[in-house]
Amino acid sequence: MLDPDLKPSPAREFVHKGKGCLAVLIAVAVLAFGGYFVYDRASGFLASWGEVADYPGPGKDQITVTIPEGATVNQIGGILVDNKVIQSAAAWDQAVKTEERSTSIQPGKYLMQTEMSAIDALTLLINPGESRIRSQFTVPEGLRLTAQVDTLVKTTKIKRASYEKALANPKKLGLPSYAKNKPEGFLFPDTYELTEQATAASVLKQMSGRFKDVAKEVKLTSQAKKLKRSPRDLVIVASILEAEVRGEGDRAKAARVIYNRLDKGEPLGLDSTVIYAENLKTNTTTPKDRASNSPYNTYKVKGLPPGPINAPGKAALESAANPADGDWMYWVTVNYDTGETKFAKTLAEHNKYVKEFQAWCQAKQGRCDS
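Given the structure is predicted, the values throughout are model-derived calculations rather than measurements.

Visitor: Would you mind showing me how to read the pattern of salt bridges here?
Guide: Close approach of charged atoms lets side chains of opposite charge pair. One pass over the structure, following the stated rule, counts nine salt bridges. With a shortest N-O distance of 3.1 Å, Arg-101 and Glu-99 are connected by a salt bridge. Judged by relative accessible area, which is 38%, Arg-101 ranks as partly exposed. In this structure, the salt-bridge partner of Arg-210 is Glu-217, at a minimum N-O distance of 3.6 Å.

Visitor: How do you make sense of the sheet that holds strand 4 (residues 108–113) when you look at a structure like this?
Guide: Pairing between sheet strands relies on hydrogen bonds along the backbone, with the strands arranged either parallel or antiparallel. Read from one edge to the other, the open sheet built from three strands follows the order 3-4-5, with strand pairing classed as antiparallel. The open sheet has two edge strands, strand 3 (62–67) and strand 5 (132–133), and neither has a second partner. By the bridge criterion, two bridges tie strand 4 to strand 5 in an arrangement that is antiparallel. Bridging from a neighbouring strand, Tyr-110 pairs with Arg-132 of strand 5.

Visitor: Please clarify how helix 9 (residues 231–244) should be interpreted in this entry.
Guide: Residue pairs spaced three or four apart in an α-helix point in one direction, given the helix's 3.6 residues per turn. When the terminal C-alpha atoms of helix 9 are compared, their 20 Å separation across 14 residues agrees well with the 20 Å that a helix rising 1.5 Å per residue should span. Of all 14 residues that make up helix 9, 12 are buried, and the element is covered over most of its length. Here helix 9 has its buried residues at Pro-231, Arg-232, Leu-234, Val-235, Ile-236, Val-237, Ala-238, Ser-239, Ile-240, Leu-241, Glu-242 and Glu-244. Structurally, helix 9 contributes buried residues whose contacts are with helix 7 (200–217), helix 8 (220–226), helix 10 (248–263), helix 11 (271–278), helix 12 (314–321) and strand 8 (330–335).

Visitor: Sorry if this is basic, but what is going on with the packing of helix 9 against helix 12 here?
Guide: The geometry of helix 9 relative to helix 12 is characterised by a closest axis approach of 8 Å and an angle of 125 degrees between their N-to-C directions. The angle between the axes of helix 9 and helix 12 places the two elements in the oblique class. By crossing handedness, the relation of helix 9 to helix 12 is classed as right-handed. Side by side, helix 9 and helix 12 meet where Leu-234, Val-235, Val-237, Ala-238, Leu-241 and Glu-242 of the first sit next to Ala-316, Leu-317, Ser-319, Ala-320 and Ala-321 of the second.

Procedures and definitions
- Residues numbered from 1 in each chain as written.
- Predicted model: local features only at pLDDT ≥ 70, side-chain atom pairs only at ≥ 80, totals over all residues.
- Heavy atoms only, no water.
- Salt bridge = Lys/Arg side-chain N within 4 Å of Asp/Glu carboxyl O.
- Buried < 20%, exposed > 50% of the residue type's maximum accessible area, 1.4 Å probe, protein only.
- Pairing = 2+ DSSP bridges.
- Helix = DSSP H or I, 4+ residues; strand = E, 2+ residues; numbered from the N terminus.
- Expected span 1.5 Å × (residues − 1).
- Contact = heavy atoms within 4.5 Å.
- Axes fitted to C-alpha atoms, helices over the stretch in contact; angles between N-to-C directions.
- Parallel < 35°, antiparallel > 145°, perpendicular 65-115°, else oblique.
- Left-handed = near helix turned anticlockwise from the far one by under 90°.

Below you can see the structure in the form of structure tokens.
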């Protein structure tokens, strides 16, 4: 116990006064300048007077960083700190506040560097260019559903059984109402990104979502109303155009032929619908093929087939929604190599073009489907 009469030494008195002075100085500084001390756990350094711990950049060692699907901006910052790409969450927050596109960061794998400045890391994620490691799959236009599944199994490495299971529950695929829970024709052909978390159901939902986006772009519903048709009708027409006609200008003319024949109650007489019904691997049909009792046999059954015969692309959908003006009633592709298609208003004119096709076919030694 200290002697109550013992006075503190000058040295001890200085220490006590010094601590008090330091506390006062800090308090004054905080009040006067709004500064503060922050200990950043990620870096282990003390940032003072409003500064945040941030690497100066431009970076050190290459690293692959995975941004999971559904990650928030804050979670992305945490991932970067954990991978030592950036020095602190505070620096990330500061960078995010300067960039309104911060919420546009896409999930996936990115080639980055350790010890980047937060703003440089954010800029790379927003504009990744070749830094983003993309895993993609492409589904071409004009494939029937079974062929689409074949392509998906090959390109996504997801098992066929998984796709078949997902297709068996179409209500969960996000199809438009006019698809009537039938995916054929409504899984849009395009190039997509395959995330690590992808499943058969998520892939199919991604494709149906893209269909709805494109349908909106071409104003499918409003154009169907103008044509006094349903949106589903237009998708069926588009699928026929995708199968039958190659030239962009020809598609709109072929669409007009279909509508003209429907308006006059004439059978469409299309090989493509019979090929679909009989699952043929040819471009033409035989009398036996055309004797099919399928509702898709447009030689025997008037009107449109019950559904799409393939998945049409955007150009075909646009043509179905915006047919050319004209009174043509027929078309025939006279050269399968070039896709040249001729349109006729009368049967006599059409028959002349059919003979032109037959001459081309004979020149190919009967190999019309090559």
